[in-house]
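What follows is the residue order along each chain.
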Amino acid sequence: MSLTTMIVKMSEGLGKTCSIFFLTLLFALPLGLIVALLRMSKNKIVSGITRVCISILRGTPLMLQLLAVTYGPFYLFGVSVSRNKLIPVVIAFSINYAAYFAEIYRGGIESMPVGQYEAAEVLGYSKFQCFIRIILPQVIKRILPSITNEVVTLVKDTSMAFTVSYQEMFTIGKQIANSQTSFVPFIVAGVFYFVFNAVVDFVMGRIEKKLNYYK
Amino acid sequence: MDKLLEINHCRKRFGSTEVLTDLTLSVEESQVLSIIGPSGSGKSTLLRCATLLETMDGGDLIYMGRYAARGTSEGSVYAPPAELKKIKSMFGLVFQNFNLFPHYSVLKNICEAPVLVQKRDKAEVEAEAMDLLKQMGLEDKYNAYPCQLSGGQQQRVSIARALAMNPGILFFDEPTSALDPELTGEILRVIRQLAEKKMTMVIVTHEMNFARDVSDYVVFMNGGVIVEQGDPRDVIDHPTQERTIQFLRRLQDQ
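Residues numbered from 1 in each chain as written. Chains lettered and ligands numbered in written order. Predicted model: local features only at pLDDT ≥ 70, side-chain atom pairs only at ≥ 80, totals over all residues. Heavy atoms only, no water.

1. Examining the overall build of chain A
Assigned secondary structure in chain A consists of nine helices and zero strands. Element order for chain A, N to C, with α for helix and β for strand: α-α-α-α-α-α-α-α-α. Across its three principal directions, the C-alpha atoms of chain A cover 70 × 45 × 25 Å. Looking at chain A residue by residue over its 215 residues, the buried ones come to 45%. Sequence separation of at least 24 residues holds for 75% of the intrachain contacts in chain A that already meet a minimum separation of 6. For chain A, the computed accessible surface area is about 11,500 Å², with 68% contributed by carbon and sulfur atoms. Of the charged side chains in chain A, 20 are positive and 10 negative; the average position of the first set lies 2 Å away from that of the second. (Helix = DSSP H or I, 4+ residues; strand = E, 2+ residues; numbered from the N terminus. Buried < 20%, exposed > 50% of the residue type's maximum accessible area, 1.4 Å probe, protein only. Contact = heavy atoms within 4.5 Å. Areas by Shrake-Rupley, 256 points an atom, 1.4 Å probe, with all protein chains shown as cover. Lys, Arg positive; Asp, Glu negative; His and termini not counted. Charge placed at Lys NZ, Arg CZ, Asp CG, Glu CD.)

And the structure:
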């Protein structure tokens, strides 16, 4: 198989790689914020349960979580494994990344000076208005470098979907590597991820710069 | 004269420490009241109770005849949120370290709350804000961000932000304590201008000369109680209580 054929075949999986990536961000970023707020809840039961969930999600391999979400329903309830693997893959990724994002959000929110809340309170902002308008925009600026880190990791983690045979770019590459007994597909995959992350770095850098209008 | 603010038998404790003990104070319209005293005397706590940033453990808090909190045998009972929201619009607070919103321009810092909270017309609020900035000598800074301003300028913006809500009373919590000595003058000048316009103000301050010049009533606090109060020339220049004399002497020695 020629290099060009390999690249073309693997590119066909790029759409699926991107689906995992963008859908995970779409769900995990807001979900992480909700989890962070639950984690900081004054209700000890709520915050305790959330803390345990976060620690399980961060303390076990993503690969295991992928397998659990994809095949768990079959073993537990006899539900047949869905043919569209994108759904379980995105669910597993979103939950896993939400746990990481939640801790980043929490760090950002807790680093906000109490004076910002008090100023808003005295001016009559409701708690919700204060959070949305005053706190969250500043938190986002503060946590952006840590978020970039996670996003870069997410790009590479999409390759984990091969464990449930979801036909994304890396899974296809691995199949070609096996059938052709060649290492070349892995090099191609490496280049793909590197370029993908170069774009991520560029975009996140632009966003950071845009938020740099204040200190 | 009308009483804008009445605090009756206020008690406040943090854990087992009593910070305010049976404290009673009232502020009349157009009065400029200064609260002085050593640190830890409870003056900032009193201000935070009055501005609803802290809840009192006992006593009444009344703004223009409306109860924000009513003292009962079980402690202070606060009014429902809707009433508290209305009461909150009757006063403003200027913080020691400004607490401007760093991600907002000067103009947005001033205009957002009147538009968002008081539902006033944006154009009208902005015109008023520009007037306020002019009074503060900052009309060319409306588009700047707080980080581009000096401490004194930031504090003037935060005074404008409080004034834009048209408060009946303006509280100041040590408004010059976070500023370099050469910058305190500009803030004191602004407060003096407001006093000339008959703005009702309550000022916690360490600036004795300023307190004497600008206020018509001075309260000296120590250990959570009012030790001495009255005309500033009496309290500051001719104190009668031992604790007041000690405090003022120590200030002079510095």
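2. Notes on the layout of surface pockets
As a volume, the largest pocket reaches approximately 1,100 Å³. Around the largest pocket, the lining is made up of 28 residues, and of these A:Lys42, A:Tyr117, A:Glu121, A:Ser126 and A:Lys127 lie nearest the centre. Put simply, the parts of the chain that give the lining of the largest pocket at least two residues each are α5 (86-110), α6 (114-122) and α7 (127-157) of chain A together with α2 (81-88) of chain B. It is α6(A) that provides the largest number of residues to the lining of the largest pocket, a total of five residues. Taken together, the residues of the lining of the largest pocket sort by class into 15 nonpolar, four polar and nine charged. Estimated volume of the second largest pocket: approximately 380 Å³. Considering the residues around the second largest pocket, the lining is formed by 24 residues, among which A:Gln116, B:Asn97, B:Phe98, B:Asn99 and B:Leu100 are closest to the centre. (1 Å grid on protein atoms, 1.4 Å probe; cavity = no way out; pocket = protein on both sides within 12 Å on 5 of 7 lines; lining within 4 Å. Points joined across faces, edges and corners; volume = space filled by probe spheres on them. Nonpolar A, V, L, I, M, F, W, Y, C, P; charged D, E, K, R; others polar.)

3. Some words on the packing of aromatic side chains
The full count for this structure, using the stated rule, is 17 aromatic pairs over all chains. One cation-aromatic arrangement involves A:Lys141 over A:Tyr214; the distance from NZ or CZ to the ring centre is 4.7 Å. The aromatic ring of B:Phe101 is capped on one face by B:Arg161, whose charged end is 4.7 Å from the ring centroid. (Phe/Tyr/Trp six-rings, centres within 6.5 Å; stacked < 30°, edge-to-face > 60°. Lys NZ or Arg CZ within 6 Å of the ring centre and 35° of its normal.)

4. Details of the packing of α5(A) against α7(A)
All names here are of chain A. The geometry of α5 relative to α7 is characterised by a closest axis approach of 9 Å and an angle of 140° between their N-to-C directions. With respect to each other, α5 and α7 are oriented oblique. Seen along the crossing, α5 lies across α7 with a hand that is right-handed. On α7, the residues touching Phe93, Tyr97, Tyr100, Phe101, Ile104, Tyr105, Gly108 and Ile109 of α5 are Phe131, Val139, Ile143, Ser146, Ile147, Glu150, Thr153, Leu154 and Asp157. A per-class count over the contact of α5 with α7 returns twelve nonpolar, three polar and two charged. (Axes fitted to C-alpha atoms, helices over the stretch in contact; angles between N-to-C directions. Parallel < 35°, antiparallel > 145°, perpendicular 65-115°, else oblique. Left-handed = near helix turned anticlockwise from the far one by under 90°.)

5. Re the sheet that holds strand β1 (residues 3-14) of chain B
All names here are of chain B. Spatially, the five strands line up as an open sheet ordered β2-β1-β4-β5-β6, and their pairing is antiparallel. The sheet is open, and its two edges are formed by β2 (17-28) and β6 (75-78), each paired on a single side. Mean inter-strand twist for the sheet, computed between neighbouring axes without regard to direction, equals 20°. Packing against the sheet, helix α1 (residues 43-50) makes contact with β1, β2 and β4 (58-63), and its axis sits at approximately 60° to β2. In this fold α2 packs onto β4, β5 (66-72) and β6, with an angle of close to 120° to the strand it touches most, β5. (Pairing = 2+ DSSP bridges.)

6. Let's talk about the packing of helix α2 (residues 14-39) of chain A against α5(A)
Residues and elements named next belong to chain A. Two elements in contact, α2 and α5, have axes whose closest approach is 6 Å; the angle formed by their N-to-C orientations is 45°. Of the possible angle classes, the one that applies to α2 and α5 is oblique. Handedness of the crossing formed by α2 with α5: right-handed. Each residue belonging to the contact of α2 with α5 can be placed in one class, and the counts come to 21 nonpolar, four polar and three charged.

7. Regarding the pairing of strand β7 (residues 91-94) of chain B
All names here are of chain B. Taking every second residue as pointing to the same face, both faces of β7 are buried, with Phe91 and Leu93 on one and Gly92 and Val94 on the other. The sheet contact formed by β7 and strand β8 (residues 169-173) spans four bridges and is parallel. By the bridge assignment for β8, Leu93 is matched with Phe171.

8. Here we look at the environment of A:Phe186
Residue and element names in this part refer to chain A. For Phe186, the location among the structural elements is in helix α9 (residues 184-210). For the pair formed by Phe186 and Leu57, sequence separation is 129 residues and the distance between their alpha carbons is 28 Å. Excluding its chain neighbours within four sequence positions, the residues that come into contact with Phe186 are Phe170, Lys174 and Ala177.

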